[in-house]
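Results of the structural survey
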Amino acid sequence: MGKLHDKTVKKLIKEKPSVRHADGNGLYLMTPKRGDAYWMLRYTTPATKLRREYTIGKVDDWSLADARDEAAKLRLAIKREGADPVQERQKLNQNPFKTLNDLYADYYELRKREIASHHKEKSLYEREVAWRIGKVELEKIRPVDISEILRDVANGYDDNKPRPTLSNDLMRLLRNLFDHGIKLDVTRFNPASPFRPRDAGGEEKAANYPMNEDEVTEFFTKLRVIPAQFSRENYLACALLIATCTRKMELLAAPWSEFDLENRIWYLPEERTKKRRAIDIPLTEPAVEWLSELKVRSCGSEWVFPARRISKKARTPHVCENTLNHALKKLFEKRLFSFDKRRVHDLRGTARTKLGKLGFDDNLAQRCLNQLPGNRTDRVYNKHGYFEERREAHEALCDWLAPIVRGEVRSGE
């Protein structure tokens, strides 16, 4: 117990008999003639043996008990870690990243160079984090703040439905964000580091449900006869996603400038791929035929799939990332198909599975999906693009797919 008491503190502040009043263990009550009374800790730096004075805070904001607790924490850090509170405060004051929003702005610039889906992460941060703790100082954010956000998203809040998968995405985003802060030396700990999927949305299973041959036939047969519910553009998009083995937005956000239909090549640049890896995709005759039809349907647009509605409020000049998802979801909700619900991404899995059944080895099939097989050393030294080998694989894939898409093979045959 220190020398001071709450009543004594009030009396000293009122009378101001002197500037400095010792409580013990280096903690002092400071009562300057001008200005507010405050708490100060005197200590000696372990490395340089310098005497330092560190202001804890004003008496109006810190009670005697709180000041003693803070002083004890500081003394422990000085003794065990060799910390210098004055030096650390100076560094913090020079730090341009005061709040979580400040840190995220820097992290976002990094993510823009790393992944194509950086805009999704930004949207998630702004919807679920920024308005809650975005303006809070980094050092004041605690694990309980993270837990509250993750549970709200996982269980649902206000008018939002439970979104367990999104909660897991958010958990990973926050962990990486605070790790970024530690790397920059702007925060000392990561309040999101203890959290795992069980603390957020629960363990996830890889969601990949490729269609078999009969399901693919039924899929295109039934879609072809309902153009009012599933447009021709959507129909051709599904066919091309299988034929080219690409991801949804790699196709739906593609400009015509990437395509050389005469030489049957799609030059997909690295900035539009998930792993920032450019690839030249060989186009089969059926794929060129479908793209040529889309060229006519795009009515002079620079985009293969231009936005369906011309509006100043349109987020993108090409179709929205949810357009195809919503169109398929509605049909599965109406039980149009005899098999279970599939997502747009399952078309890519369907292509990968069929390549395996056609006899192409895993390494080549992975390269068709722009995934690099082998170990890291092999990926560094082997720069062969396997273009002709991949062309053969895409040709075989379309030899099976094209008759189905054209309606030459019907469901049940």
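Residue numbers run consecutively from 1 along every chain, following the written order of its sequence. pLDDT decides what is reported in this predicted model: residues at 70 or higher carry local features, side-chain atom pairs at 80 or more are listed and counted, and totals for whole chains, interfaces and linings draw on all residues regardless. Side-chain calculation: all heavy atoms of the structure are included, whereas hydrogens and water are not.

1. Observations regarding the overall build of the protein
Definition in use: Put simply, DSSP H or I for four residues or longer makes a helix, DSSP E for two residues or longer makes a strand, and each gets a number counted from the N terminus. Throughout, radius of gyration means the C-alpha value; the globule benchmark is 2.2 Å times the number of residues raised to the power 0.38. Any residue under 20% of the maximum accessible area for its type is buried, any over 50% is exposed, and the rest in between are partly exposed; the area is computed with a 1.4 Å probe on protein chains only. For this analysis, residues touch if any pair of their heavy atoms sits within 4.5 Å. Residue-level accessible areas treat just the shown protein chains as cover; the underlying method is Shrake-Rupley with a 1.4 Å probe. Lys and Arg are tallied as positive, Asp and Glu as negative. Neither His nor the chain termini are counted. A single reference atom marks each charge: NZ on Lys, CZ on Arg, CG on Asp, CD on Glu.
A tally of helices and strands in the protein yields 16 helices and 7 strands. Computed over its C-alpha atoms, the radius of gyration of the protein comes to 31 Å, more than 25% above the 22 Å expected for a compact globule of 413 residues. Seen along its three principal axes, the alpha-carbon backbone of the protein occupies a region of about 100 × 50 × 40 Å. A buried classification covers 44% of the 413 residues belonging to the protein. Contacts in the protein between residues far apart in sequence, at least 24 positions, make up 58% of those at least 6 positions apart. Here the protein has roughly 23,700 Å² of accessible surface; of this, 48% comes from carbon and sulfur atoms. Each charge class in the protein can be summarised by its mean position, and for the 79 positive and 63 negative side chains these summaries are 6 Å apart.

2. Some thoughts on the sheet that holds strand β1 (residues 20-24)
Our working rule: Only when DSSP finds a minimum of two bridges between them are two strands counted as paired. Inter-axis angles, ranging from 0 to 180 degrees, are taken between N-to-C directions of lines fitted to C-alpha atoms, where helices are fitted over the stretch in contact.
If you trace the 4 strands from one edge of the open sheet to the other, you get β1-β2-β3-β4, paired in antiparallel fashion. Of all the strands in the sheet, the pair left with one neighbour each is β1 and β4 (51-58). Across the sheet, the mean angle separating the axes of adjacent strands is 30 degrees when strand polarity is ignored. In the sheet, strand β3 (residues 38-44) pairs with β4 via 7 bridges, with the strands oriented antiparallel. Directly across from Y43, in β4, lies its bridge partner R52.

3. So, unusual backbone geometry
The phi dihedral of D185 is positive, around 60 degrees, even though this residue is not glycine. Position of D185 among the secondary structure elements: in the loop between α7 (164-183) and α8 (213-224). With a phi angle near 55 degrees, R335 is a residue other than glycine that sits in the positive phi range. Looking at the element boundaries, R335 is found in the loop between α12 (323-333) and α13 (346-357).

4. Digging into the domain arrangement of the protein
Our working definition: Residue ranges for the domains originate in an automatic or database domain assignment.
When its domains are assigned, the protein resolves into domain 1 (6-94), domain 2 (100-199) and domain 3 (213-406). Summarising the inter-unit geometry, the C-alpha centres of domain 1 and domain 2 are found 34 Å apart.

5. With respect to the packing of aromatic side chains
To be explicit about the condition: Side-chain rings of Phe, Tyr and Trp, where Trp is taken by its six-membered ring, are said to pair if the distance between their centres is within 6.5 Å; with planes under 30 degrees apart they count as stacked, over 60 as edge-to-face, and otherwise as tilted. A ring is considered to have a charge above it if a Lys NZ or an Arg CZ atom is located within 6 Å of its centre and within 35 degrees of its normal.
If you walk through the whole model with that rule in mind, you get 11 aromatic pairs. The interplanar angle of 25 degrees and the centroid separation of 6.2 Å between the aromatic rings of Y104 and Y108 together place this pair among those described as stacked. Taken together, the positions of Y104 and Y108, both in helix α4 (residues 100-114) and 4 residues apart, correspond to about one turn of that helix. For the pair formed by Y104 and Y108, the shared burial category is buried. One aromatic cluster is present, formed by F219, F220, Y235, F332, F337 and F339 through successive ring pairs. The ring of Y28 carries R20 above its face, with NZ or CZ at 5.4 Å from the centroid. Looking at R132, its charged tip hangs above the ring of Y157, at a distance of 5.0 Å from the centre.

6. Focus on the packing of helix α9 (residues 232-244) against helix α11 (residues 285-297)
What counts is decided by this rule: Here roughly perpendicular refers to angles of 65 to 115 degrees, roughly parallel to angles under 35, roughly antiparallel to angles over 145, and oblique to all remaining angles. Each crossing gets its hand from how the near helix is turned against the far one by less than a right angle, where anticlockwise is left-handed and clockwise is right-handed. Polarity classes work like this: nonpolar for Ala, Val, Leu, Ile, Met, Phe, Trp, Tyr, Cys and Pro, charged for Asp, Glu, Lys and Arg, and polar for all others, with Gly in that last group.
In the contact formed by α9 and α11, the axes pass within 10 Å of each other and the chain directions differ by 150 degrees. When the axis of α9 is compared with that of α11, the two are roughly antiparallel. For the element pair α9 and α11, the recorded crossing hand is left-handed. Residue-level inspection shows R232, E233, L236, A239, L240 and A243 of α9 in contact with α11, the latter providing A287, W290, L291, E293, L294 and R297. Across the contact of α9 with α11, the residue classes break down as 8 nonpolar, no polar and 4 charged.

7. Description of the packing of α11 against helix α16 (residues 387-406)
Closest axis-to-axis distance for the α11/α16 pair is 9 Å, and the angle between their directions is 40 degrees. One finds that α11 runs oblique with respect to α16. Facing α11, whose interface residues are P286, E289 and W290, α16 presents C398, L401, A402, V405 and R406. Classifying every residue of the contact of α11 with α16 by side-chain character gives 6 nonpolar, no polar and 2 charged.

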